[in-house]
Amino acid sequence: MRLGVLDIGSNAAHLRIADLTAGYPPQPVATLKRQIRLAEAISRDGVIGRAGIDRLTDAVREAADVASRHRVHELVPYATSAVRDAANRDAILTEIQATSGVRVGYLDAEQEARLTFLAARHWFGWSAGPILLADIGGGSMELAYGNGETPDLALSLPLGAGRLTRHHLPDPERVKRKHRKRLREHVESVLARNVGDLCAHRIGQATAVAASRTFAQLARLCGGPKAKAGPHVVRELHRVDLREAIEVLAARTPTERAQLPGVSAARARQILAGAIVADATMAALNLAVVRICPWALREGILLDRLHHSPGHGRRLYAIQGESA
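The rules we used
Residues numbered from 1 in each chain as written. Predicted model: local features only at pLDDT ≥ 70, side-chain atom pairs only at ≥ 80, totals over all residues. Heavy atoms only, no water. Core = buried A, V, L, I, M, F, W, Y, C linked by side-chain atoms within 4.5 Å. Buried < 20%, exposed > 50% of the residue type's maximum accessible area, 1.4 Å probe, protein only. Helix = DSSP H or I, 4+ residues; strand = E, 2+ residues; numbered from the N terminus. Contact = heavy atoms within 4.5 Å. Pairing = 2+ DSSP bridges.

Caption draft 1: Representation of the nonpolar core in the model. In terms of nonpolar packing, the biggest core is built from 50 residues, with Leu159 and Leu218 touching the most fellow members. Broken down by element, the residue count for this core peaks at nine residues, all from helix 11 (residues 271-284). Apart from the residues within four sequence positions on either side, leucine 159 is in contact with Ile136, Gly139, Ser140, Met141, Leu164, His186, Val187, Val190, Leu191 and Val277. Ile36, Ala79, Ala82 and Val104 belong to the second-largest nonpolar core, a separate cluster that totals 31 residues.

Caption draft 2: Spatial organisation of the pairing of strand 9 (residues 207-210). Here strand 9 shows a buried face lined by Thr207 and Val209 and a second buried face lined by Ala208 and Ala210. In this sheet, strand 9 lies alongside strand 6 (residues 131-136) in parallel orientation, the contact comprising four bridges. By the bridge assignment, leucine 132 is partnered in strand 9 with alanine 208. Pairing between strand 9 and strand 11 (residues 289-292): two bridges, direction parallel. Its bridge partner lying in strand 11, alanine 210 is registered against isoleucine 292.

Rendered as structure tokens:
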């Protein structure tokens, strides 16, 4: 079965096409990534503006064309929190379908956490024991914990790097120390109200795993291997290094941050907020180090489809507008 997964996030629309064969990991066929910069197109009242919608619809049309050329059996398009939480979400999804013929849906946040956990479990295997997962996106952060293939506990918090940059850093070009302090206090407050159930588990014995471009770029910034070293090289993010990285990022403009190792121009504006969330989360969960997982939500959907093909059990998720 050849499946295409189109992930519409806060910064980019990313299509991944893979062949699925029982007993094997997803075999990559093709990929397409287009910057859509939705985070910068969202107003204070949660409306995605015209420019962002146009970039999004263009990206979906191009992804659909690529999927068609590669003869995918099924295209699974979904939006994460940037579109899911937008005040004009329904109008955007209607316009995408009218202009591209693609019916984009969205996952709820807990399903995102469960699918990303599934990907992490398959990457690290059973020898990892219990896994504690953190995933910082543009609009939300997902946390999950469990001993099995799927987590015993999964939650989503409104601590995405893009969301926090928009709402708590009024001048991302030159971040003032007082704004950093207030952002940190806000993040710590949200964590304190929500991670109690998670901390009630024996998370100290778990393998701490981080999945997302934010964590991956922070690990590279803190001295981890380059991307060209390949996905199987061990990558870790140590909190002691992260605290130093926050000071480096705060002293630079987004343009200057994009010149640092690992920091992409697309994420340079929000990487400081992402670093503060990562540091506060590691502190709240008493984590000195996290292991970087190269697989995340897209791979989780591919794996779930592989395990639960039509007629072989119910999937872990249901995309809004699509029967499970």
